[in-house]
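# Survey of secondary and tertiary structure
Here is how the chains run, residue by residue.
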Protein chains: 2
Amino acid sequence: MALKTRTIDGKLVEDVRDYIEQGNENALKRLLDESRAADLADLIEHLKPNERIFIFKLLEPEGAGDVLVEIEPPVQEGIIKELDNRTITEIVQELDSDDAADVVGDLPAKRAKEVIEAVDDEVTEELEKLLPYPEDTAGGIMGLEFVAVKADVTLRDAIETIRAKKEEVENLYHIWVVDDFGKLVGLVSMKDFLLEPPHLKVHEIMNPEVISINALADQEEVVHLARKYDLVNIPVVDEHHRLIGRITHDDVIDVIEEEVDEDISLMAGVISEEVAEESTIKISKARLPWLLMAIFGELVAAFVITNFEASLKQIIALTFFFPVIMAMGGNSGTQAATIVVRGLATGDVSLVHAGRRLWREMRVALLNGLICGLVLGVIVGFWLSDPGLGLIVGMALILIIMNSGLIGASVPLVLKRFNIDPALGTGPFVSTSNDIFSLFIYLGLITVFLHSRF
Amino acid sequence: MALKTRTIDGKLVEDVRDYIEQGNENALKRLLDESRAADLADLIEHLKPNERIFIFKLLEPEGAGDVLVEIEPPVQEGIIKELDNRTITEIVQELDSDDAADVVGDLPAKRAKEVIEAVDDEVTEELEKLLPYPEDTAGGIMGLEFVAVKADVTLRDAIETIRAKKEEVENLYHIWVVDDFGKLVGLVSMKDFLLEPPHLKVHEIMNPEVISINALADQEEVVHLARKYDLVNIPVVDEHHRLIGRITHDDVIDVIEEEVDEDISLMAGVISEEVAEESTIKISKARLPWLLMAIFGELVAAFVITNFEASLKQIIALTFFFPVIMAMGGNSGTQAATIVVRGLATGDVSLVHAGRRLWREMRVALLNGLICGLVLGVIVGFWLSDPGLGLIVGMALILIIMNSGLIGASVPLVLKRFNIDPALGTGPFVSTSNDIFSLFIYLGLITVFLHSRF
């Protein structure tokens, strides 16, 4: 069967729409048969809910699952809602164990139970192995499709083990080696299997230095290992170091995307599921808390301003510079915070040299503060034709940039220290507090200055 | 050789520092011998420049390269500066072709030329094949370590080809099949090689549906393909579809990180290299443009305010709400922009249904605007004990949130349309313009209101 890869363009989407309207199932079936699952998932995401179901129901059970798991969560949910348990059971039956567990895990408890009972015992068993693990742990990502052989068997025998599993394990890059207790003791690459004489014992050619991960480890740890040691798949072990699953390179990429989405979401005050979310209510719900938090936070800023009403009445022009003051505090804070958060995420920044990082940020803040302070100070001095005032505004800006730099760089490090997601240290939360500090510094300094003057 | 994986903690770093001070090379050599390249790279990043060189010079040429390529660019640069051409030549000699090209590509032209001449002809040839490709293309990422066989040879013969390349090609997961003109026509998994009878011809078991990428394609396209079709490695072809290179799963992950860094950097007005950058000047240089842009942008906002000085003099309290007005415009704009940018990056948002996306964002903005407008309106009404003014401020906030939502969602789509990085549509740039619009809407509405009243 010749599978074309296709990019979903407006025309294709239109054609499909027309076929659906005309009920031209043959044309659609032809399209589905010759397309890859990932492309069909892409296509389906571009359609309207009712069209999605129509297309999806045309898929063969074997193929349907592969398409389903490629579809973005919110859209996937919508489709699953429309499918009867029989169809879902057929799909779960065909899926790899990890995908099957994900699909069943997302079902309402009652449906999940029914499906688990309906599938073959073998699949039931797999689901019962995988479902207990929290979604964001190695166990929650792992699948059960791997090949393990004993260290003391010959390559010839091992190859028969591989042959027996060839259907089940699609992408096979390494064979893992276990001892009599099922403990992971090594790995053999397919290359060595192919090239070494078959009469050798597995332990004679295996590499004993196999990196594995505990099933309960956080998924961030999975990414960290895979990225650091360029692992194509990672064996998952239980607390007794017994081999119980495998995580593949594409799962790792999915987790990376997930973690990045999470960080970016916190930076902006959104939730990543939104990207494919279609319900206005749900999106609004996701963003509203951040907006309301900002309202009340900035009302504190408003309150700060009220305390300087006298100065403002005296020189109304001082209010002209609120935007620049707040923007500078916000931006320099975000800059510092973003670098630290990103560094912590990729592992390039660690708590080991947190002090050096802070010190570096302080030096940068001082330098940028001096330059920006000079620029703004001169402009304000001329604008209000009051050099003294310009000097004060410039000095205020230096302090503001240093202050928000310090906050921006230290908050994520502190959060990390207490195992809270450092990304919380960016975004609306911190920029709001920076606004408050910045206005206080700005208005405070100026008020002192005005008093000293008169 | 038993390689331990180790996490770099403060203690280890301290120990190494002490060894270096004591000049205890034996202890260090032992540590280096039993550690993985990635861990050593990590360790070296934690040391001071002079310590780094000291450690690095203790490494064997074979190992040194693997460590070097794992070190973050800015630190790597610092080390390479300190190495003589002979050492660099030895290192380049040992590296995989893609890594070798990266190292040589980063050298100053003169040194690069000297190294290219110094290495073996074979390596020289490889470098001359790879160096012409721009860094951010498939050709710029690809390596030359792959195995290709003719479609009409037997598996037995093909296996000999693999044997001949077993040292060169470390991680071998697929064998690619080419025709007499070197055109890519299929792939065979190692599993099939292992399990199918050796007398079969390659074309009898090969999968003709092999996904490949053109050497000149953008690296984003590489990520897109690998992610979408879960590819463990991607064959790279020239304009005649001749197989010329391969991209591995770990290269793909590196590119993903790179692209994410790029987007996040634009969101915050930083450059990602900063994470490991140590020179205050360089970091400052990276961030200053954004800060200065913000200064001048917000001075436009200041100018907007001056136009409403009369209203402000009339009710100074109006200035209290500048922070909340600007924050709301900024945050809701960033929320919309971030979702669109992230969606475009992962491919979950496409220009195909840009209209639907905008419409969705508008509905969300209206809903959130109504809620936030109501909240702020009531608060302001009571605060200034002026319900009318509260009503206007509330209405202003609705318009502001809708306006910045529209800008936030549409700017990235427009940028994408013109093949500019959509991430430019987030960050300082857009939040500044939102500040200007927001203040204008707020002050404008209120001024109209005040006039109508008196």
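An unreviewed UniProt entry lists chain A under the name Magnesium transporter MgtE, from uncultured Desulfobacterium sp. In its Function (unreviewed entry) section, UniProt records this for chain A: "Acts as a magnesium transporter."

### Let's talk about the interface of chain B and chain A
With 126 residues of chain B at the interface, the matching set in chain A holds 126 residues. Buried surface at the junction of chain B and chain A, summed over both partners, amounts to about 11,000 Å²; 67% is from carbon and sulfur atoms. Applying the counting rule to chain B against chain A returns 14 salt bridges. If you look at where chain B meets chain A, you find 36 residue pairs in polar contact (both at pLDDT 80 or more). Among the elements that line the side of chain B that touches chain A, the one with the most residues is helix α17 (residues 280-306) of chain B, at 19 residues. When the residues that make up the side of chain B that touches chain A are grouped by side-chain class, the tally is 70 nonpolar, 20 polar and 36 charged.

### Points about the packing of helix α16 (residues 249-268) of chain A against helix α16 (residues 249-268) of chain B
Two elements in contact, α16 of chain A and α16 of chain B, have axes separated by 11 Å at closest approach and are oriented at 10°. The angle between α16 of chain A and α16 of chain B places the two elements in the roughly parallel class. Two secondary-structure elements touch here, α16 of chain A through H249, V252, I253, I256, E257, V260, I264 and M267 of chain A and α16 of chain B through H249, V252, I253, I256, E257, V260, I264 and M267 of chain B.

### Quick word on the relation of the copies chain B and chain A
Take chain B, turn it by 180°, move it 0.0 Å along the axis, and it overlays chain A with an RMSD of 0.1 Å. With respect to symmetry, the two chain copies, as superposed, fit the operation of a two-fold axis. Interface overlap between copies is the fraction of interface residues in one copy that are interface residues in the other; for chain B against chain A it reaches 100%, indicating a shared surface.

### A few points about the pairing of strand β2 (residues 174-178) of chain B
Residues in a regular strand point their side chains to alternate faces of the sheet. Residue and element names in this part refer to chain B. Of all the 5 residues making up β2, 5 are buried; the element is thus mostly covered by neighbouring parts of the structure. Of the two faces of β2, the one holding H174, W176 and V178 and the one holding I175 and V177 are both buried throughout. Taken together, strand β1 (residues 148-150), helix α12 (residues 155-164) and β2 form a β-α-β motif whose crossover is right-handed. Pairing of β2 with strand β3 (residues 184-189) involves 5 bridges; the strand directions are antiparallel. If you follow V178 over to β3, its bridge partner there is L184. Between β2 and β3, which follow one another and run antiparallel, lie 5 residues, and G182 among them has a positive phi close to 80°.

### Brief notes about the UniProt feature "transmembrane region" (unreviewed entry) in chain A
Residues and elements named next belong to chain A. As recorded in UniProt, the feature "transmembrane region" (unreviewed entry) lies at residues 288-308, 320-344, 365-385, 391-415 and 436-452. The straight-line gap between the two end C-alpha atoms of residues 365-385 is 28 Å; of that span, 90% is helix and 0% is strand. Summarising residues 436-452: 100% helix, 0% strand, and an end-to-end C-alpha distance of 24 Å.

### Side note on the UniProt feature "domain: CBS" (unreviewed entry) in chain A
Residues and elements named next belong to chain A. As recorded in UniProt, the sites labelled "domain: CBS" (unreviewed entry) are residues 142-205 and 206-262. Taken as a whole, residues 142-205 contains 33% helix and 22% strand, while its terminal C-alpha atoms sit 26 Å from one another. Helix makes up 44% of residues 206-262 and strand 23%, and the two end C-alpha atoms of the span are 39 Å apart.

### Digging into the sheet that holds strand β2 (residues 174-178) of chain A
Residues and elements named next belong to chain A. Strand order in the open sheet formed by 3 strands is β1-β2-β3, and the pairing between neighbours is mixed. Every interior strand has two partners, whereas the edge strands, β1 (148-150) and β3 (184-189), have only one. Strand-to-strand twist across the sheet, computed as the mean angle between neighbouring axes with direction ignored, equals 35°.

### Structural notes on a nonpolar patch on the surface
A cluster of nonpolar side chains, V414, F418, I420 and L424 of chain A, forms an exposed patch at the surface whose accessible area comes to about 360 Å². By the element assignment, I420 of chain A lies in the loop between α21 (387-417) and α22 (427-453).

### Comments concerning the domain arrangement of chain A
When its domains are assigned, chain A resolves into domain 1 (10-136), domain 2 (148-263) and domain 3 (280-453). Averaged C-alpha coordinates put domain 1 of chain A and domain 3 of chain A at centres separated by 48 Å.

### Here we look at the pattern of salt bridges
Applying the stated criterion to the full structure yields 42 salt bridges over all chains. Among the ionic pairs, K11 of chain A bridges to D15 of chain A, the shortest N-O distance being 2.5 Å. Taken together, the residues span about one helical turn, with K11 of chain A and D15 of chain A both in helix α1 (residues 10-22) at a distance of 4 residues. Here D251 of chain B makes a salt bridge to R246 of chain B, at a shortest N to O gap of 3.9 Å. One exposure class covers both D251 of chain B and R246 of chain B, and it is buried. The network of salt bridges with common partners includes D98, E145, R246 and D251 of chain A.

### A short note on the packing of aromatic side chains
This model, assessed by the stated rule, comprises 14 aromatic pairs over all chains. An angle of 55° between the planes, with centres 6.1 Å apart, marks the rings of F146 of chain A and W176 of chain A as tilted. You can see F146 of chain A sitting in the loop between α11 (138-141) and β1 and its partner W176 of chain A sitting in strand β2, a full 30 residues away along the chain. Judged by relative accessible area, F146 of chain A falls into the buried class, the value being 13%. W176 of chain A gets classed as buried once you look at its relative accessible area, which sits at 2%. Aromatic rings pair up to connect F322 and Y442 of chain A together with F322 and Y442 of chain B into one cluster. Here R36 of chain A stacks its cationic end above the ring of Y229 of chain B, 5.6 Å away from the centre of that ring. In this arrangement the basic side chain of K165 of chain B is found over the ring face of F146 of chain B, its NZ or CZ atom lying 5.7 Å from the centre.

### What to know about the pairing of strand β5 (residues 233-237) of chain A
Residues and elements named next belong to chain A. The element β5 is largely enclosed, with a buried count of 5 among its 5 residues. With burial as the criterion, each face of β5 is covered, one bearing N233, P235 and V237 and the other bearing I234 and V236. Judged from the 2 bridges that link them, strand β4 (residues 213-214) and β5 form a sheet pairing that is parallel. Of the residues in β5, the one forming a bridge with N214 is V237. The pairing of β5 with strand β6 (residues 243-248) spans 5 bridges and is classified as antiparallel.

The rules behind each value
Residues numbered from 1 in each chain as written. Chains lettered and ligands numbered in written order. Predicted model: local features only at pLDDT ≥ 70, side-chain atom pairs only at ≥ 80, totals over all residues. Heavy atoms only, no water. UniProt positions renumbered as here; feature names shortened; annotations may be inferred. Contact = heavy atoms within 4.5 Å. Buried area = accessible area lost by both parts, 1.4 Å probe. Salt bridge = Lys/Arg side-chain N within 4 Å of Asp/Glu carboxyl O. Polar contact = N/O pair within 3.5 Å; in protein donor to acceptor, adjacent residues only side chain to side chain. Helix = DSSP H or I, 4+ residues; strand = E, 2+ residues; numbered from the N terminus. Nonpolar A, V, L, I, M, F, W, Y, C, P; charged D, E, K, R; others polar. Axes fitted to C-alpha atoms, helices over the stretch in contact; angles between N-to-C directions. Parallel < 35°, antiparallel > 145°, perpendicular 65-115°, else oblique. Least-squares fit on C-alpha atoms with pLDDT ≥ 70 in both. Buried < 20%, exposed > 50% of the residue type's maximum accessible area, 1.4 Å probe, protein only. Right-handed = clockwise from strand over helix to strand, strands pointing away. Pairing = 2+ DSSP bridges. Patch = residues over 30% accessible without salt bridge, like charges linked within 9 Å, V, L, I, M, F, W, Y side chains within 5 Å. Areas by Shrake-Rupley, 256 points an atom, 1.4 Å probe, with all protein chains shown as cover. Domains from an automatic or database assignment. Phe/Tyr/Trp six-rings, centres within 6.5 Å; stacked < 30°, edge-to-face > 60°. Lys NZ or Arg CZ within 6 Å of the ring centre and 35° of its normal.

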